[in-house]
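Structural features, examined
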Amino acid sequence: MSRHLRDEILWLLHEGEGTSADRAHIEACSSCITRYQQLVRDLKVFRQVLREAPPPLQAAPQPRRKLQIRWVPAAAVMVATLLLVWGQEWLRVLTLPVPPAEARRNQEIAQFLTKELPLVLFSTPDLSTGKLPARTTNFAYLQAALDGGWPSEPCDPARTAECEPDPFSLIP
Amino acid sequence: MGDYESVLNEQNLYEELYRAHHARVAQLCRLWLHDPHEAEEVAQEVFLKLLQASKVHDPSFAWKAWLTRVALNACRDRRRSSWWKWWREKPMNFEEEQFSSRNPTPEEETVSREERERIWGLFRGLSPRQQEVFALRYVEEWSVEEVAQMLDLTPGSVKRHLFRAVRHLRKSLGGRR
């Protein structure tokens, strides 16, 4: 019993082949008979399993909940990335130097809007800066009317005692 | 009247052959094609051919060998076609219970689900020739000579394929023992 039988010989014995010496060996060798019995058991299991219905080729799809959990971090990362990119772009636009030509044009537009346009739209002189004469006379009104300045209103003697006689009354 | 009896006999012969061989042929197709849906299709094709052949041959014809050969050729054709290869690569989900024809016996229950999946996976990893030889010899329990005749091989070649297949399966499953 110096040499044990090879697997191929054991298999041939199972197939009903092999020499008488091999059969004699397997009857006498406990190791080989154990291996032979294991071969017989294995073949029996193979037969049994392969006569049954085959198992699925691939596991069933994961439940929807697991998929959602997987997508949450992905969505969070995407949103964070978008915010980062948007913020960087916004900062870049803010820190950009304004070109001289554009700055000059903006200044002209601002000047037009704050100074020239109100003069055109609201032609009444600025009352806050103007100053009424302390003493208004009919002559002063007349002179102002001729100059195109203050409106020429007749002096009301009932309102003020200092009102001079109406020069217009002299005109027939 | 004679025609009617002839048609009736053909129908009876077909039904008898279907009952006797359908489960066997379907299982062979599952072994050789891997995809149970396609295996069912091929099994139906085989029995469509049987329907035509049953009109020509008599009941004493070697139907078992004929059906096996037709199934073998049909599965080989499917394997050769390019779309079959593409389909095989696709992930497939199907219910195992859909194809179970019977409940497992207590003895079958002793083989765990993981072990069954592993054995099937290893069998699918064998070469097509080894799968054919193994299925006919150990699942169908044909003799080596019958297998050799069916596959147009010599008995020695059948034995070599068989032993390599057995050795591969046992070696790959060695870790569990």
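Note that the structure is predicted; figures quoted are calculated from it, not measured.

Describing the pattern of salt bridges
Under the definition given, this model contains 19 salt bridges over all chains. The residue A:Asp42 makes a salt bridge to B:Arg170 at a minimum N-O spacing of 2.7 Å. Of this pair, A:Asp42 sits in helix α3 (residues 30–50) while B:Arg170 sits in helix α9 (residues 155–172), placing the two residues on different chains. Here A:Asp42 falls in the buried class, since its relative accessible area comes to 1%. Relative accessible area serves as the criterion here: at 21%, B:Arg170 is assigned to the partly exposed category.

Some words on helix α8 (residues 144–151) of chain B
Residues and elements named next belong to chain B. Along α8, the residues classified as buried are Val144, Val147, Ala148, Met150 and Leu151. Buried residues in α8, looked at end-on, bunch into an arc of 165°, giving them a common side. Phi turns positive, to about 55°, at Asp152, one or two residues after α8.

Examining the packing of aromatic side chains
Within the structure shown, the criterion is met by 10 aromatic pairs over all chains. Both rings, one in A:Trp11 and one in B:Phe163, keep their centres 5.7 Å apart while their planes meet at 50°; by these two values the pair is tilted. Taken together, the residues span two chains, with A:Trp11 in helix α1 (residues 7–14) and B:Phe163 in helix α9. Under the relative-accessibility criterion, A:Trp11 is labelled buried at 2%. Here B:Phe163 falls in the buried class, since its relative accessible area comes to 9%. A ring pair is formed by B:Trp120 and B:Phe123, whose centres lie 6.4 Å apart and whose planes are at 75°; its orientation type is edge-to-face. With B:Trp120 and B:Phe123 both in helix α6 (residues 113–124) and three residues apart, the pair spans about one turn of that helix. With relative accessibility at 1%, the residue B:Trp120 sits in the buried group. Judged by its relative accessible area of 0%, B:Phe123 falls in the buried class. Each residue in the set A:Phe46, B:Trp120, B:Phe123, B:Phe134 and B:Tyr138 is aromatic and connected to the rest through ring pairs, giving one cluster.

Some points on the nonpolar core
The biggest cluster of nonpolar side chains holds 64 residues, and the ones touching the most others in it are B:Leu31 and B:Phe134. A per-element tally of this core places helix α1 (residues 2–33) of chain B first, with 10 residues. Contacts of B:Phe134, omitting those with residues within four sequence positions, involve A:Phe46, A:Leu50, B:Phe123, B:Val139, B:Leu162, B:Ala165, B:Val166 and B:Leu169.

What counts as what
Residues numbered from 1 in each chain as written. Chains lettered and ligands numbered in written order. Predicted model: local features only at pLDDT ≥ 70, side-chain atom pairs only at ≥ 80, totals over all residues. Heavy atoms only, no water. Salt bridge = Lys/Arg side-chain N within 4 Å of Asp/Glu carboxyl O. Helix = DSSP H or I, 4+ residues; strand = E, 2+ residues; numbered from the N terminus. Buried < 20%, exposed > 50% of the residue type's maximum accessible area, 1.4 Å probe, protein only. Arc of directions from axis to C-beta. Phe/Tyr/Trp six-rings, centres within 6.5 Å; stacked < 30°, edge-to-face > 60°. Core = buried A, V, L, I, M, F, W, Y, C linked by side-chain atoms within 4.5 Å. Contact = heavy atoms within 4.5 Å.

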